[in-house]
Each structure stands twice: as C-alpha cells, then as structure tokens.
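Per-entry structural report
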Amino acid sequence: MLSLWRHSTASCCFGGRRSIATIISGNQTSKLVRERLKKEVDEMKVTKVVPSLLVLQVGNREDSNLYISSKMKAAAEVGIEAKHVRLPNTVTQDEVLRAIAAVNEDASVHGLIVQLPLDSVNRMDVEMVTNAVSPLKDVDGLSCINAGKLSRGDLNSCFIPCTPNGCMELIGQTGVSVAGKHAVVIGRSKIVGAPMHDLLLWNHATVTTCHSKTRDIATQVGRADIVVVGAGRAEMVRGDWLKEGCVLIDCGINYVSDASKPSGKRVVGDVHFASAYQRAGFITPVPGGVGPMTVAMLMQNTVVSARRALANAAGHCL
Ligand code: NAP
Ligand code: LUD
C-alpha cells in the first residue's frame, strides 16, 4: 500500500464521527505501474520488439491535446514508441475510417486509439469509428468485441478500458477486497460507467449503476461500500451521501472558473472533496487520481498487445 497517504492534519471526531479519509494517489500508483512496465519493455528488447502505439486525433481540442501529451510522455518514459496523428477538423468520416484501416494493416503498430470526442465539422458516427479499430489493437477497449467480452466476464481475452481498469488498480491499493461488497457506479457511458459496472461485477461485487434518470441517487450511494463516479457533474457527490468508511473513486474532470488562477480555471472532480474527505475511508483526489491511471493503463494494454503479437508470430513460426 505504498501510495496511500494518511494526512497528518487533525482528524475530525465531532459527534463520535470517525476520522478523515486516506487519499489514494493516482500520481504515485501510476508511477509504480510505469516503472514496472519500463522493466518489461527493456526485457522485450532481446526479441527486437518495441511496443508501439498510435493515437489518432480528429481536430484540435485543448483538453484532448493535454491528455494526448500525457500519453506521449508516459510512452517515452516506459520505452513505448508512440505516434500522435492529428487529422484536421475538416476530415470526412471515410477518411478517418481509411486512416484506421491503414493502421490496422500495419504490423509494426500494436495499439491504436482514437481520442474522443471527435472534433469535426462533418458528421461522424462515433460507434462506427471506434468499431473500425481492430479488436487486436483496440488498447482503449472500446470496440464492441472487447466490450462484449468484458460484459460476459471474459476478462483475460479482452482489452479492458483504461479508466475503469485504473479505478480497479486504485481500489486494489486500499487493500479492501471487492468480492461480496456493494458497489455503486454513477454513469453508464461506454468509456467509464458501463465497463466499470462489468469489472466490479466480475470481481464479484454486487453492483448498482445509476444514471441521469435514477431516482434518489443519494440513497443508492449511501448503501455502497465502494462508489465510482463518472457523471461529468462538478462536485455532485456530497459527503453526507456516503456510508462512513467507503472507498470513493472520482473519475470526473470538470473545469470550473477560478479568478485566482492565472488560467482563470481549475479542475475539480464529480465529488465534493472537502465534505467527502470527512466521511469516506479512502478517496481519490482530482487532479492526481484516476487521470494518471488512465494513461498508465493505456501503456499496460499496449505492452500486453505487443506481447500477444510476439506470441502469435512465434506460434506461426512453429
Ligand atoms: P458521459 O458520456 O457524458 O456520461 C456521463 C454519464 O453520467 C451518463 O451515463 C449520464 O447518464 C450520467 N449522468 C450525468 N448526469 C448525471 C446526474 N446528475 N446523475 C446521475 N447520472 C448522471 O461522460 P463520460 O465520458 O463517462 O465521463 C464522465 C466524467 O469522467 C467526465 O467528467 C469526464 O471528463 C471524466 N472522465 C475522466 C477520465 C479520466 O481518465 N479521469 C476518463 C474519461 C472520462 P445518462 O446515460 O442517463 O445520460
Ligand atoms: N478518448 C480518453 N477521451 C477523454 N488528468 C482520456 C484523460 C488523462 N479514446 C479515448 O484519456 O482514454 C481515453 N480514450 N480519455 N482522458 C479522458 C478521456 C478519451 C483524462 C485525464 C487525464 C486522460 C489526466 O492525466 C490529469 C489528472 O487528473 O491529474 C490532469 C488533469 C488536468 O486537466 O489538470
């Protein structure tokens, strides 16, 4: 449990309440993952295979640029060869599909992701674009083949989406076992909520998934031993919703205006940190929580993909 921080500030015991939460650091946990992967990539060098990743971006969104640059930096650190291809926002869907098909055919690339959202002036069918990525290179785990395997509990033969996979790593850091626990997921998107539900379920939690039509979310959350939030609503989950001592994982990345910052904005999660910190047993911060784990898990999936490609090539030579 190297990456847990017990803050030394005075703990709160008003009215017999327990003390403040332990912070689960994604910055520290992701660093450990990157160090482990670097060793694995170094060991692969004898095989002359260097894991390689291609990140395809459509348009030029500022947030996507930031996330992609973190991915490029992590890849360089681990020893993964990474390429960032940016197509202009005037590109057509056919051109995007052709670019994907070309990478699918290129045996030197082990991982391909299409950064979302697609920032294009033309109509794009996102489902068609994500499904065009070969399931064997789909290191984001967003194609329906990988998502289908995950939903059936076939966890060892699919790529698991990076954000939920990172959340599971962070939950693992707490030492709290998932099996038999009641977990609540807020959100049902293809990239966060739905795969998070599947992962918790197949790790034997009893899972309730909430969404925008769920009535009385606070009551649902109050029953949970483990809460994962991916709603995209700044500071929505309040401390007084929580069961005392729960594990609280905040995927939210929301930019709110803040005149005291040079940029005029700051990033907050989907959890009201100050109140949740008084009640949860473990909590992830934003920034420095789930975000860096998303990047680390992408590196892990890319290394796994390269290893599978190598094993396949060896099989063909026999
Ligand atoms: P999304 O596609 O907009 O999905 C949001 C989900 O939350 C939907 O299922 C929606 O319900 C539900 N929801 C929205 N408002 C709600 C409310 N008031 N109560 C209950 N449920 C509500 O967003 P996403 O891509 O999953 O991302 C969610 C958040 O995570 C965003 O802040 C995003 O920036 C962040 N994110 C972070 C990472 C990371 O690495 N840290 C990665 C991906 C996303 P409906 O289905 O009914 O619409
Ligand atoms: N699309 C992602 N779209 C957006 N935060 C990310 C992300 C790093 N195909 C596809 O990379 O996995 C994806 N695959 N996503 N995201 C969000 C989502 C995608 C979000 C945050 C971070 C990747 C990150 O490193 C830092 C942190 O939380 O500490 C910095 C946050 C900040 O803005 O300061």
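Residues numbered from 1 in each chain as written. Chains lettered and ligands numbered in written order. Predicted model: local features only at pLDDT ≥ 70, side-chain atom pairs only at ≥ 80, totals over all residues. Heavy atoms only, no water.

This brings us to the packing of aromatic side chains. Per the counting criterion, the structure on display carries one aromatic pair. When the centroid spacing of 5.3 Å and the interplanar angle of 25° are considered together, the rings of Phe 273 and Tyr 277 count as stacked. One end of the pair is Phe 273 and the other is Tyr 277, both in helix 9 (residues 273-277) and four residues apart, which spans about a single turn. Taking relative accessible area as the criterion, Phe 273 reaches 28% and is therefore assigned partly exposed. The side chain of Lys 265 reaches across the aromatic face of Tyr 255, ending 5.2 Å from its centre. (Phe/Tyr/Trp six-rings, centres within 6.5 Å; stacked < 30°, edge-to-face > 60°. Helix = DSSP H or I, 4+ residues; strand = E, 2+ residues; numbered from the N terminus. Buried < 20%, exposed > 50% of the residue type's maximum accessible area, 1.4 Å probe, protein only. Lys NZ or Arg CZ within 6 Å of the ring centre and 35° of its normal.)

Turning to a nonpolar patch on the surface, a few remarks are in order. A contiguous nonpolar patch, built from Leu 66, Ile 253 and Tyr 255 and spanning about 270 Å² of accessible area, is present on the exposed surface. Note that Leu 66 resides in helix 2 (residues 62-78). (Patch = residues over 30% accessible without salt bridge, like charges linked within 9 Å, V, L, I, M, F, W, Y side chains within 5 Å. Areas by Shrake-Rupley, 256 points an atom, 1.4 Å probe, with all protein chains shown as cover. Salt bridge = Lys/Arg side-chain N within 4 Å of Asp/Glu carboxyl O.)

Paired through backbone hydrogen bonds, the strands of a sheet run either parallel or antiparallel to each other. Strand order across the open sheet formed by three strands is 4-3-5, with parallel pairing between neighbours. One side of each edge strand has no neighbouring strand; the edge strands of this open sheet are strand 4 (81-87) and strand 5 (111-114). Each neighbouring strand pair of the sheet contributes to a mean axis angle of 15°, computed without reference to strand direction. Where helix 2 meets the sheet, it contacts strand 3 (52-58), strand 4 and strand 5, and its direction lies at approximately 160° from that of strand 4. (Pairing = 2+ DSSP bridges. Axes fitted to C-alpha atoms, helices over the stretch in contact; angles between N-to-C directions. Contact = heavy atoms within 4.5 Å.)

Another point: the state of the cysteines. Overall, the coordinates contain zero disulfides when judged by the stated rule. Considering cysteine sulfurs only, Cys 167 is the nearest to Cys 162, which forms no disulfide, with 11 Å between them. Judged by its relative accessible area of 4%, Cys 162 is buried. Unpaired in this structure, Cys 210 has its nearest cysteine sulfur neighbour in Cys 246, at a distance of 13 Å. (Disulfide = S-S within 2.5 Å.)

With that settled, the discussion passes to the side chain of Thr 174. As for its placement among the helices and strands, Thr 174 is situated in helix 6 (residues 162-174). According to the relative accessible area criterion, Thr 174 is buried, its value standing at 5%. Only 2.6 Å separates the side chain of Thr 174 from the backbone oxygen of Ile 171, close enough to count as a polar contact. (Polar contact = N/O pair within 3.5 Å; in protein donor to acceptor, adjacent residues only side chain to side chain.)

Quick look at the site of ligand 1 now. Among the 22 residues in the neighbourhood of ligand 1, the closest are listed as Arg 188, Ser 189, Ser 212, Cys 251 and Thr 294. At 2.5 Å, a side-chain N or O of Ser 212 approaches an oxygen atom of ligand 1. Between an oxygen atom of ligand 1 and a main-chain N or O atom of Ile 253, the distance comes to 3.0 Å. Here ligand 1 loses 71% of its free accessible area of 920 Å² to cover by the protein chains. Broken down by element, the shell around ligand 1 gets its largest block of residues, three residues, from helix 10 (residues 290-317). (Near = heavy atom within 4 Å.)

By themselves, these observations are geometric and do not establish any function.
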